[in-house]
Every structure is written in structure tokens, then in C-alpha cells.
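One-letter residues, chain by chain:
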Amino acid sequence: MNNYIEGKDVAGHFLSGYEAVFDVFSDTFARGLEAGAACAVFRNGSPVVDLWGGISDSQGGSPWQRDTLVPVYSVAKGIAALAVLHLVDQGLLVLDEPVATYWPEFAQHGKQYVTVRCLLSHRCGLPFVEGEVKLDELASPQHMAARLAGQAPIFAPDSTHTYHAVTMGWLTSELVRRVAGESLGPWIARRAACLDIDLWIGLPESQRPRVAVLEAEKPEQHMMLCTLCPPGSFHWKVFTLNGLLELIPGNGGLDLNDYRLQSKELAGSNLITNARSLAKFYGNCMETAGHPAFVSADTLAQACRPHSTGVPFDSPLPGASWGAGVMLPWSNQPMLGAGSFGHDGYGGSLAFADPESGFSFAYVRNRLPAGGARDECVYRLVDALQKMI
């Protein structure tokens, strides 16, 4: 990339013609809207923007570096879904085949007809784990998957949908293990190494010094969200694993700043990465990149058919839209419009691809807003790209 900038708050590279993206990113820091963040854009598989800025640790004041990593929560689900879709391409999985074809134990309690597509689109009725969950159990994704296989669904599968915030990781990881011989964490790590990128679902000890420290942007707003998840409630079970996990980073509980959690394979919620790696990975999922895509256009077309939209089981209001594991454009995450696919994460991280334009985009940060609306910092950048299509 032919423009390099290294200023007080922002550093990185961008191609000529992408000055508007750089200007927006710089203005975000000039206005004090972020602690630390990074944005990367690829087009047709080649990098066009790679920017980072701010600090990775508000307590220590450490600057955000080119190789800084950060937890991105549910952005993990998009990576997990694309891994499953790659295996569909390889003929190892079929979207409309029952999960029990590959994972016979899953057929318990009436789940014998749940298809791979139904599972990926948050329609299998297993959004939480029943009973106490202990930290040491998280070391075995196979054990957690077995617990879910033994549960009865909370609704008739495929009759409605609800967000499987943490459990989706164990469901997809076990599918991958059954047909590919290893769970998602090591499977993704090997493929990331081939692309020379960082995608860690289960962080090695050697990578710990690179990880930014998460903080809540406005703790009082996060606390308001917590009032919607009182102990014992549906959402408390879904998002905290029955009280094991802390929702608010830095609030004293077990959160994604804790290496005990970072080191576990939670393929639905603890991906640790950077913007460059996400944008490159999504870029490699499009045939516009000029090489064999990680997921073929035909399989993507199948996966991007809307399957879970509108009002979910757990809310009176419409929510996100999903195809087979990938998030599709909706009001809070319009991405670049119809045809885009990706996934967001708690606190505002986002990664997606748009095959029509050839863009793949990622934004990550360590100061997390409470969410619930279209994110200004992210979408000022996306809007700048929109004007280039």
C-alpha cells in the first residue's frame, strides 16, 4: 500500500483513493471516541486499508501496535460458520442433512430431524446449558457438546429461532470434529497459519502479551443491560453460562480479559484476532479474490438464504437475521447491503464480506459500548466504502 501514516494517535497504510476511510478513522480518535481500535479493508483479496490507533491498555497506556490482538466475542460465530461451510464444499457435510447423520448422539430428545442448516441458523432450541457449568469443563469442547446433545430443546426445532450466544460454538465445533477429526480451535489455527493471519479460538500462552485489555465504555449502560438478565432468567442462562461468565469487562468476574477464559476453545464467543486477519480471511471467502475461494459461490448462495429473521423466541422485537450461520444485513448491521455476509460481536466489533463489490471489512476495538444500535464509529467507515461502490 502506497500511503503510510504514523501520527500521534493513528498509524497504518492505505491505497490512494481510500483517503476518506483514513480521514474518518483519524477523526474518530481526534474526537476521543475510542481507546484503541483497528480497521482493515481488502478488495478482491488485496489489502487497501490497514489502520490502527489509540491505546491497548488504558491502565498502562500501552499504544495499539500493528500486531495487537483483541477479543471480538461473537465475531467468532462468523468464522465458525465459514469453517462449516468449507466442509460443505468438501462434501463432508450437507446443509439439509440431519446433524445426527454425523453426530448420532445428537438425536436424543426429538432432535433427530434437526438439520445442519437448522442448527447453524439458531433454530435447534439449545441456547443454554442446563445446570451448573464449571470453568474446568470449558477445557473440553467435546464434553460441552455432549451435554448439549443430551438436552431436550426448549422449543420444537425449526419452529422459531433464538440466539445461541455461547452454545453455538460447541455445536459447530463438534460438527467439525466429527467430520474433520479435530475441533474448531486447532482446525482454524492451522488454516490461519497458512494465510499468515491470527485467528485464535483458544489462545496460546505465547500470544498473551499481544492482547489488548477490554473495558466498558459507559459501565452504567452495561449495568442497565445486566438488569435485563437477572440470575435465573433466560438471558442470564444464555449469556453467562448460568452465572459463570461476567457480562461487563473489568467488573471483577470471569471475563475475556482473563487468560483462563482466553485459553479455552469457545468457538461461539472468544475469538482473539485483529482487523487485518479478519478482513483477509473474509476476502479469501469470495471468488472475486482471483483464486479458489475458501467457500464457493454456490455454497455461499445457499448459506446466505435468510432462514431466521423477524421476532425471535426470546423477544417481542425483531432482531438480527441469519442464513446458515452467517449474519445477513439487518437494521443494526446493514453492512454494504444485500449480498453482504459476516458477523458482529459484543461491544461493536464487526467483520463481513460483500461479494458484489469485492470488499471485505473488519473493525475491532477494546473500549466496548453497550450496543443495541447501529454503531457510529463503524458505520462512518462503512459509509465511506459505500460511496466507492
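Residues numbered from 1 in each chain as written. Predicted model: local features only at pLDDT ≥ 70, side-chain atom pairs only at ≥ 80, totals over all residues. Heavy atoms only, no water.

Novice: Looking at this model, I keep getting lost on the pairing of strand S13 (residues 350–354). Mind explaining?
Specialist: Remember that side chains alternate between the two faces of the sheet whenever the strand is regular. Within S13, five of the five residues are buried, which leaves it mostly tucked inside the rest of the structure. Residues Leu 350, Phe 352 and Asp 354 line one face of S13 and the alternating positions Ala 351 and Ala 353 line the opposite face, and both faces are buried. Taken together, the four bridges between strand S12 (residues 341–344) and S13 define a ladder with antiparallel strand orientation. Residue pairing for S13: Gly 342 is matched across the bridge by Phe 352. Connecting S12 to the antiparallel partner S13 that follows it, the hairpin turn spans five residues, and Gly 347 within it adopts a positive phi of roughly 90 degrees. Pairing between S13 and strand S14 (residues 359–365): five bridges, direction antiparallel. (Buried < 20%, exposed > 50% of the residue type's maximum accessible area, 1.4 Å probe, protein only. Helix = DSSP H or I, 4+ residues; strand = E, 2+ residues; numbered from the N terminus. Pairing = 2+ DSSP bridges.)

Novice: Looking at this structure, I do not really get the side chain of Gln 207. What am I missing?
Specialist: Summarising the element assignment, Gln 207 is placed in the loop between strand S7 (199–200) and strand S8 (215–216). Apart from the residues lying within four places of it in its own chain, the contact partners of Gln 207 are Leu 69, Asp 198 and Trp 200. (Contact = heavy atoms within 4.5 Å.)

Novice: So what exactly am I meant to see when it comes to the sheet that holds strand S9 (residues 272–273) here?
Specialist: The strands that make up a sheet pair up through hydrogen bonds in the backbone, lying either parallel or antiparallel. Ordered in space as S6-S9-S7, the three strands form an open sheet in which the pairing is antiparallel. Here the strands that pair on one side only, and so sit at the sheet edges, are strand S6 (70–71) and S7.

Novice: Explanation requested: the packing of helix H2 (residues 75–89) against helix H5 (residues 167–180) in the structure shown.
Specialist: When two helices pack together, their arrangement is captured by the angle between the axes and the distance separating the axes. In the contact formed by H2 and H5, the axes pass within 10 Å of each other and the chain directions differ by 25 degrees. In terms of their interaxial angle, H2 and H5 are classed as roughly parallel. Here H2 runs over H5; the crossing is left-handed. On the side of H2, the interface is formed by Lys 77, Ala 80, Val 84 and Leu 87, while H5 contributes Met 168, Thr 172, Val 176, Val 179 and Ala 180. A class-by-class count of the residues in the contact of H2 with H5 yields seven nonpolar, one polar and one charged. (Axes fitted to C-alpha atoms, helices over the stretch in contact; angles between N-to-C directions. Parallel < 35°, antiparallel > 145°, perpendicular 65-115°, else oblique. Left-handed = near helix turned anticlockwise from the far one by under 90°. Nonpolar A, V, L, I, M, F, W, Y, C, P; charged D, E, K, R; others polar.)

Novice: Quick question: what am I supposed to make of the packing of aromatic side chains here?
Specialist: Geometry of an aromatic ring pair is reported as the spacing of the ring centres plus the angle between the planes. Inspection of the entire model under this criterion finds 16 aromatic pairs. Taken together, a centroid distance of 5.3 Å and an interplanar angle of 15 degrees make the contact between Tyr 163 and Trp 322 stacked. Separated by 159 residues along the polypeptide, Tyr 163 in the loop between helix H4 (141–149) and H5 and Trp 322 in strand S10 (residues 321–322) bring together distant segments of the chain. Following the ring pairs from residue to residue traces out a cluster consisting of Trp 187, Phe 281, Tyr 282, Phe 294 and Phe 341. The positively charged end of Lys 111 is found above the aromatic ring belonging to Phe 106, 5.1 Å away from the centroid. (Phe/Tyr/Trp six-rings, centres within 6.5 Å; stacked < 30°, edge-to-face > 60°. Lys NZ or Arg CZ within 6 Å of the ring centre and 35° of its normal.)

Novice: Looking at this model, I keep getting lost on the nonpolar core. Mind explaining?
Specialist: Across soluble globular proteins, you tend to see nonpolar side chains buried next to one another. Among the nonpolar cores identified, the biggest contains 87 residues, and Leu 82, Leu 119 and Trp 170 are the most heavily contacted of them. By residue number, the principal contributor to this core is H2, which donates 11 residues. When sequence neighbours within four positions are dropped, the list of residues in contact with Leu 82 reads Phe 281, Tyr 282, Cys 285, Phe 294, Val 295, Leu 300, Val 326 and Phe 341. (Core = buried A, V, L, I, M, F, W, Y, C linked by side-chain atoms within 4.5 Å.)

Novice: Teacher, can you tell me more about the pattern of salt bridges here?
Specialist: A pair can form between side chains of opposite charge whenever their charged atoms are brought close. Scanning the model with the defined rule gives 20 salt bridges in all. The salt bridge partner of Glu 182 is Arg 190, with a shortest N-O separation of 2.4 Å. For Glu 182, a relative accessible area of 18% translates into the label buried. By relative accessible area, Arg 190 is classed as partly exposed at 45%. (Salt bridge = Lys/Arg side-chain N within 4 Å of Asp/Glu carboxyl O.)

Novice: Got a minute to help me understand the environment of Arg 123 in this structure?
Specialist: Residue position: Arg 123 is located in the loop between helix H3 (116–120) and H4. The contact partners of Arg 123, leaving out residues within four places of it in the chain, are Cys 118, Phe 155, Pro 157, Asp 158, Ser 159, Thr 160, His 161, His 164, His 307 and Ser 308. Here the side chain of Arg 123 touches Ser 308 through a polar contact of 3.4 Å, side chain to side chain. (Polar contact = N/O pair within 3.5 Å; in protein donor to acceptor, adjacent residues only side chain to side chain.)

Novice: How do you make sense of the state of the cysteines when you look at a structure like this?
Specialist: Put plainly, two cysteines are in a disulfide when a covalent bond ties their sulfur atoms together. One pass over the full model with this rule turns up zero disulfides. Here Cys 194 stays free of any disulfide, with the sulfur of Cys 285 as its closest cysteine sulfur at 14 Å. The class for Cys 194 is exposed, based on a relative accessible area of 72%. Free of any disulfide, Cys 377 has its nearest neighbouring cysteine sulfur in Cys 39, separated by 11 Å. On the accessibility criterion, Cys 377 (7% relative accessible area) is buried. (Disulfide = S-S within 2.5 Å.)

Novice: Help me out: how do you make sense of the side chain of Gln 151 in this one?
Specialist: In this fold, Gln 151 is placed in the loop between H4 and H5. A polar side-chain atom of Gln 151 sits 2.7 Å from the main-chain amide nitrogen of Glu 130.

Novice: Which parts of the structure should I look at to understand H5?
Specialist: Residues spaced three or four apart along an α-helix point in a common direction, a consequence of the helix completing one turn every 3.6 residues. The terminal C-alpha atoms of H5 lie 20 Å apart, and with 14 residues this matches the ideal 20 Å at 1.5 Å per residue to within 8%. Across the 14 residues that make up H5, a large majority, 10, are buried. All buried positions along H5 are accounted for by Thr 167, Met 168, Gly 169, Trp 170, Leu 171, Thr 172, Ser 173, Glu 174, Leu 175 and Val 176. Taken together, the buried residues of H5 touch H2, H3, H4 and helix H6 (184–195). Trailing H5 by a residue or two, Gly 181 shows a phi angle of about 90 degrees, which is positive. (Expected span 1.5 Å × (residues − 1).)

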